Structure formats: C-alpha cells, structure tokens
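# Secondary and tertiary structure notes
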Amino acid sequence: MNPLRFAVLASGGGSNLQALLDRIRSGDLKAQLAFAASNNSQAKVLERARAAGSPAYHVSAKTDPSAGSGTGPGLEAGVTDKLLALAEKHPTDLWVLAGYMKKVPEDLLRRFPNRVINIHPALLPAFGGSGMFGSHVHEAVVKRGCQFTGVTIHMVSEEYDAGQIVLQRMVPIPPGADAEAVGRLVLTKEHDSYWRVLQAFVDGDIVPTDSMDPGKAVGVNPEWLKRMRGLDGFPA
Ligand code: GRF
C-alpha cells in the first residue's frame, strides 16, 4: 500500500502537524508529509516540518504576488499558483489544514476535488464560521455554558466550515473550567483524532467521491465510524 502523501497548510504552532509526524514515526500512520506551507514566515509549523526532513515554504500574497494564471480575489492569485506549483513539485494526495488562517483558494479546491480536510476545535455546526478560531471558540463555548464541546474534522468546501463532517469527537467540559482549560482538553483530543482520519484515507475507510455535492465529498465506512465511536465509549 502506498503511503498517503499529504501537504499541510497552517499558520501557527503546528502542534497538530507534530502529532501527525509523531504517529508517522511510531508507524501508526502510513503517510508522508509532502510539504508544509504557511502564510506566516515565523510559524513554528515550518520548523517542525523541516525538522522532520520535509520541505517547508512561506507562501503569501506579499511574497508571491500574482504572476501566473491562477484566479482568485486580487493578490491571492499568486498564492494559488504557488501552492499548485508546490503540489506539482511534491506530489500530493491530500491537503490537510491545521490552523490555516487563510481561505483555501477556489482553484485549489477545483484541482483537488474532495481532497482537502480541516480540523475545527468545536462540534460544528455550532461555534463555527466567521470569527470562530483559536481561543475565540473556547471562550464562546464557556460563555454559553456548554457542558460538552469537541473536535470536528470535515471536508473543505467553498463555504467556510460547512463541508461534510467525517469525524467528531466529544470533550466533556468539567464544571468551572475556563476557556484555556477547555482549549487544552480539545487540543489533546485533536491530536488523537487527525491521524486516525488520515489513516482512514490510507486504509480506504474514507474515499473521496467524484460528487460536486459538498455533502457527499467522501464515502465513510460505517464500521470505521463504529470503531471511532468506541474510542470515546459510545456504543456502536
Ligand atoms: C487547532 O485548534 C485547530 O483545530 C484549529 O487551529 C488550531 C491549530 O493548532 N483549526 P496547532 O497550530 O496545530 O497547534
């Protein structure tokens, strides 16, 4: 079985990338990091990729102004061209977003249909959409008095945070926990979740379809989902 070649797009610390790299090293995840790219030249995620022996690039509208054929809003066309060129140079089966603060170029979604995934630190469709990133999510969850939150891994479609959900993991909120504590619990759950979804692509438990319907981006093996539910103690 060929390892899955994935590209990571991220803007920050990259602890999710690190968790994937650790699972590759331990042999749990049969995948290869094709490359990492960030809109932020200082992002630690780039260091983490390089430390694992993979190429890492700073790609932004400032450093990569439009030069080629890519379309997209204004300067972002250059970013599209650069990302697509990187995927040519480093063959990529799947794009993995891990805290990427920019919108994924539409051209990229068209060139890699149903092959872009994202992780969100709450149970979508609650606490998603505009402004719902980083600590804002956990602050909103605590403010609302939620007793549960969680992790959502979903396919990326043109509409923000609205693609097909492939895995949700629940995180109970201890009474009195503040946003920071909730954020830590959720991040730990993220680290135990993303690699499982990537490995499901490797094992054929998640299969991209040819559908243009964002709700049918992938087929998900119900047996795999049952196993995932079992991880959190839910009955199949
Ligand atoms: C994670 O909470 C993820 O859910 C969100 O961005 C954060 C990235 O964290 N999309 P890290 O950079 O992987 O530590």
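Residues numbered from 1 in each chain as written. Predicted model: local features only at pLDDT ≥ 70, side-chain atom pairs only at ≥ 80, totals over all residues. Heavy atoms only, no water.

## What to know about the overall build of the protein chain
How we decide: For the purposes of this entry, the term helix denotes a DSSP run of H or I that reaches at least four residues, the term strand denotes a run of E that reaches at least two, and both are numbered from the N terminus. Only C-alpha atoms enter the radius of gyration; for comparison, a globular chain is expected to reach 2.2 Å times N to the power 0.38, where N is the number of residues. Only protein chains enter the accessibility calculation, which uses a 1.4 Å probe; a residue is then buried when its area is under 20% of its type maximum, exposed when over 50%, and partly exposed in between.
Helix and strand counts for the protein chain come out as eight helices and nine strands. Whereas a compact globule of 236 residues would reach a radius of gyration of roughly 18 Å, the protein chain reaches 17 Å, a difference of no more than 12%. For the protein chain, the spread of C-alpha atoms along the principal axes amounts to about 55 × 40 × 40 Å. Within the protein chain, buried positions represent 47% of all 236 residues.

## Concerning the environment of Thr188
Mapped onto the fold, Thr188 is located in helix 6 (residues 179–191). Since its relative accessible area comes to 54%, Thr188 is described here as exposed. Each C-alpha atom of the pair Thr188 and Thr63 lies 34 Å from the other, and the pair is 125 residues apart in sequence.

## Overview of the confidence of the model for the protein chain
Where we set the bar: For every residue, the pLDDT score states the predictor's confidence, bounded by 0 at the bottom and 100 at the top. Contacts are assigned to residue pairs with any non-hydrogen atoms lying within 4.5 Å of each other.
Predicted confidence across the protein chain gives a mean pLDDT of 93, with 95% of residues reaching 70 or more. The low-confidence segment residues 68–74 (pLDDT under 50) makes 10 contacts with residues lying over four places distant or belonging to another chain.

## Some thoughts on the sheet that holds strand 7 (residues 165–172)
Our working rule: One requirement defines pairing of two strands: DSSP has to find at least two bridges between them. All axes here are fitted lines through C-alpha atoms, helices being fitted over the stretch that makes contact, and every angle between N-to-C directions spans 0 to 180 degrees.
Strand order in the open sheet formed by seven strands is 3-2-1-4-5-6-7, and the pairing between neighbours is mixed. The strands lining the two open edges of the sheet, one partner per strand, are strand 3 (56–58) and strand 7. If you compare each strand with its neighbour and ignore which way they point, the axes differ by 20° on average. In this sheet, strand 7 lies alongside strand 6 (residues 148–155) in antiparallel orientation, the contact comprising seven bridges. From the neighbouring strand, Phe148 faces strand 7, where its bridge partner is Pro172.

## Here we look at helix 1 (residues 15–26)
To keep it simple, the criterion reads: By this rule, a helix spans an expected 1.5 Å times one less than how many residues it contains.
For helix 1, spanning 12 residues, the distance from its first C-alpha to its last is 16 Å, which sits close to the expected 16 Å at 1.5 Å a residue. Burial in helix 1 covers these residues: Asn16, Leu17, Ala19, Leu20 and Leu21. The positive-phi residue at the C-terminal boundary of helix 1 is Gly27, with phi of around 90°.

## Here's the deal with the packing of aromatic side chains
Put simply, the rule is: Two rings belonging to Phe, Tyr or Trp (six-membered ring only in the last case) form a pair when the distance between their centres is within 6.5 Å. Interplanar angles under 30 degrees mark stacking, angles over 60 mark edge-to-face geometry, and anything in between is tilted.
Tallied over the full model, the rule gives three aromatic pairs. Ring centres of Phe35 and Tyr57 lie 6.1 Å apart, and the angle between their planes is 75°; on these two criteria the pair is classed as edge-to-face. Linking Phe35 in strand 2 (residues 31–38) with Tyr57 in strand 3, this pair joins segments that are 22 residues apart in sequence. In this pair, the class of Phe35 matches that of Tyr57, namely buried. A network of ring pairs unites the aromatic residues Phe35, Tyr57, Trp95 and Phe112 as a single cluster.

## Some remarks on the site of the ligand
Worth spelling out the cut-off: It suffices for a single heavy atom of a residue to lie within 4 Å of a molecule or strand for the residue to be listed as near it. Whenever two N or O atoms come within 3.5 Å, that pair is a polar contact, provided that in protein one can donate a hydrogen and the other can accept it, and provided that, for residues adjacent in sequence, both atoms are side-chain atoms. Surface accessibility in these figures is a Shrake-Rupley result with a 1.4 Å probe; residues are shielded only by whichever protein chains are displayed. In the scheme used here, Gly and all other residues not listed as nonpolar or charged are polar, with Ala, Val, Leu, Ile, Met, Phe, Trp, Tyr, Cys and Pro taken as nonpolar and Asp, Glu, Lys and Arg as charged.
Taken together, Gly13, Gly14, Ser15, Asn16, Gly99, Ile119, His120, Pro121 and Glu190 are the residues near the ligand. One of the backbone N or O atoms of Gly13 is found 3.5 Å from an oxygen atom in the ligand. Between the ligand and the protein, one listed contact pairs an oxygen atom with a backbone N or O atom of Asn16 at 2.8 Å. In isolation the ligand exposes 370 Å². Once the protein is present, 80% of that is buried. Sorting the residues of the shell around the ligand by element identifies helix 1 and strand 5 (116–120) as the ones contributing at least two each. In the shell around the ligand, the residues fall into two nonpolar, six polar and one charged.

## Describing the pairing of strand 6
Within strand 6, seven of the eight residues are buried, leaving the element largely enclosed by the surrounding structure. As paired elements, strand 5 and strand 6 share four bridges and run antiparallel to each other. Across the sheet, residue His120 finds its bridge partner in strand 6, namely Thr152.

## What to know about the nonpolar core
Cut-off, in case you're wondering: Joining through side-chain atoms within 4.5 Å is the link that ties buried Ala, Val, Leu, Ile, Met, Phe, Trp, Tyr and Cys residues into a set, and such a set is a nonpolar core.
Ranked by size, the top nonpolar core spans 47 residues in total, and within it Phe6, Val96, Ile117, Tyr194, Val197, Leu198 and Phe201 carry the most contacts. A total of seven residues in this core trace back to one element, the largest contributor, which is helix 7 (residues 194–203). The contact partners of Ile117, leaving out residues within four places of it in the chain, are Leu94, Trp95, Val96, Leu97, His154, Met155, Val156, Tyr194, Val197, Leu198 and Phe201. Among the nonpolar cores identified, the runner-up in size contains 22 residues, and Phe35, Ala87, Tyr100 and Phe112 belong to it.

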